[in-house]
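# Structural features, examined
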Amino acid sequence: MTATDGSPPPAQPQGRPAAGASAPPFSVAGGEQKSRSFAVRSFGCQMNVYDSERMAESLRAAGHVEAADADADIIVLNSCHIREKAAEKIYSEVGRIRHRAERAGRAKPVIAVAGCVAQAEGGEMARRMPAIDIVVGPQAYHSLPSLVARAGNGAIVETGMPGLAKFAALPPRARRVPPSAFLTVQEGCDKFCAFCVVPYTRGAEASRALPAILDEARALIDGGARELTLLGQNVNAWGHDGRTFADLLHAVADLGIRRLRYTTSHPRDMDKTLIAAHRDLPALMPYLHLPVQSGSDRILKAMNRRHGADFYRAIIDRVRAARPDIALSSDFIVGFPGETDADFEATLKLAAEMGYAQAYSFKYSPRLGTPAADSADQIPEEVKDARLAALQAQLAADQTAFNRASIGRRTTILLEREGKLPGQFIGKSPWLQSVHVRAPGLAIGDLVTVDLVNATQSSLEGQPVQQMAEAW
Ligand code: 5AD
Ligand code: SF4
């Protein structure tokens, strides 16, 4: 999918873990709580979705029950700060929730704002909108149940950044999880790209320890995950106790997971061992999201990406040599301060050479506190619009071409959710394409062999080769 500007890269849809599995209430500082209903809404990237799942699990473990947004006593808005109007989106959502409660004659739900906007704006949010009861940052959400218990006597702000401490404090993973599950292994970023707020909202690079990751991976596999996506703002910078990210991939693959993915990566951290893992690990899916942002060396330098366009080309050559069928994906920013027509042409050229299977492209949006926001060379909005439209048209054509080239392939898809038609499912191919399949008798979580028969820009149609799912 080619994302439009203004919205974060779409997260893969994730079914909520079933509420049925009743774990014993996780003890919460703050003592006994009465059971209330809650809803957690995600506004951001895959890590934001992962965090939402963990927040939901911790509320459930404290005895609360998941409900539809409109019925919930507690609403958590998990915000994203990466591009513009993030805070405004949250404020208007808070206003909507308050009015909806007034119209229905109900008490206003407890409103918690979590995520990167909460981290960046802190107490300012509650001052601007007193309907907000709790502001909790991405490193502090393990305390959500106790914050909820205390809510109602003025705003509570919890934006400490104690590294990865939350992971040890969170309850164990739910006993039933979606077939494709996320697992955060690394957080934060030390790269300081000139446009990006992540180093400020998520803090310095920190890697979780291998045993903790493997424990969580085992719990997810036991809970029904067939595919794990390892997450990090700079996931391939993961390193712990002398082990590299490639070692981590091998260790997780050794647990017997059927499919393994990771996102999101930096070109500077694509080392030899990681590239070799794409050749050596059958579970590692042939898909790589490796953002390049721009094809112009001048702009890459101004962005502080710390590599040029040819460095990126060379990495991709080596990845393709290791795994010839790899599907590539990238992020692009158009209209970075100082970007000329020639710079933008270089971006179009690089993108055309790579033939991306999918890509996300955005207009540059100045983020307060980042170096590029202060540049005097800001690009006019209409120039950004025109460049974005041109790039997206090219990326859409490449995506369609990639999908069409898959027609005739026999492959395995992992069924992730039901489609609109009876007996229809939507699954993912190894190359992360959405594939629609009519396969009555199958179930979400099945791995099904299909022939790919039709393609559009955003999805394919598959015909099951065998009606039976692969035995597990
Ligand atoms: N403006 C536009 N896009 C941005 N991104 C990050 N910061 C900005 C910004 N200030 C994009 C980058 C990054 C993706 C997650 O979001 O392309 O890779
Ligand atoms: Fe942001 Fe750059 Fe770090 Fe990615 S590598 S999170 S774009 S600072």
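Reference entry: report on the structure contained in this document. Everything numeric here is computed off the predicted structure, so don't read it as measured data.

Glancing now at the packing of aromatic side chains. In total, this model carries five aromatic pairs according to the counting rule given. When the centroid spacing of 6.4 Å and the interplanar angle of 85 degrees are considered together, the rings of Phe195 and Phe336 count as edge-to-face. Highlighted residues: Phe195 in the loop between strand 8 (186-187) and helix 7 (198-201) and Phe336 in the loop between strand 15 (327-334) and helix 13 (341-354), separated in sequence by 141 residues. Summarising the aromatic geometry, the rings of Phe332 and Tyr356 are spaced 5.6 Å apart at their centres and angled 80 degrees between planes, so their arrangement reads as edge-to-face. With Phe332 in strand 15 and Tyr356 in the loop between helix 13 and strand 16 (358-363), this pair connects stretches of sequence that are 24 residues apart.

It is worth spelling out the side chain of Arg387 at this point. Within the secondary structure, Arg387 sits in helix 14 (residues 381-405). A polar atom in the side chain of Arg387 sits 2.9 Å from the side chain of Glu339. If we ignore the near neighbours within four places in the chain, the residues touching Arg387 are Val334, Glu339, Thr340, Asp341, Phe344 and Ile379.

Taken together, Ile82, Arg83, Phe195, Gln293, Asp331, Ile333, Phe362, Lys363, Tyr364, Ser365 and Arg367 are the residues near ligand 1. In the complex, 91% of the free accessible area of ligand 1, which totals 410 Å², lies under the protein chains. Of all the secondary structure elements, the ones that give two or more residues to the shell around ligand 1 are strand 15 and strand 16. Of the residues assigned to the shell around ligand 1, the class counts are five nonpolar, two polar and four charged.

Parameters and conventions
- Counting from 1, residues in each chain are numbered in the order their sequence is written.
- Each chain gets a letter, beginning with A, and each ligand a number, beginning with 1, in the order they are written.
- Only residues with pLDDT of at least 70 get local features here, since the model is predicted, and only at 80 or more are side-chain atom pairs given and counted; chain-wide, interface and lining totals rely on the full set of residues.
- Processing note: side-chain calculations cover all non-hydrogen atoms of the structure and skip hydrogens and water entirely.
- A pair of Phe, Tyr and Trp rings is counted when the ring centres sit within 6.5 Å of each other, with Trp represented by its six-membered ring. The angle between the planes then sorts it: under 30 degrees is stacked, over 60 is edge-to-face, the rest tilted.
- Going along the chain from the N terminus, every DSSP run of H or I of four or more residues is numbered as a helix, and every run of E of two or more is numbered as a strand.
- Here a polar contact means two N or O atoms within 3.5 Å. Within protein one must be a hydrogen donor candidate and the other an acceptor candidate, and residues neighboring in sequence count only if both atoms are side-chain atoms.
- Two residues qualify as a contact provided that any one of their heavy atoms is within 4.5 Å of a heavy atom in the partner residue.
- One heavy atom within 4 Å of a molecule or strand makes the whole residue count as near it.
- Each accessible area is a Shrake-Rupley estimate made with a 1.4 Å probe; only the visible protein chains count as cover when residues are assessed.
- In this classification, Asp, Glu, Lys and Arg are treated as charged, Ala, Val, Leu, Ile, Met, Phe, Trp, Tyr, Cys and Pro as nonpolar, and every other residue, Gly included, as polar.

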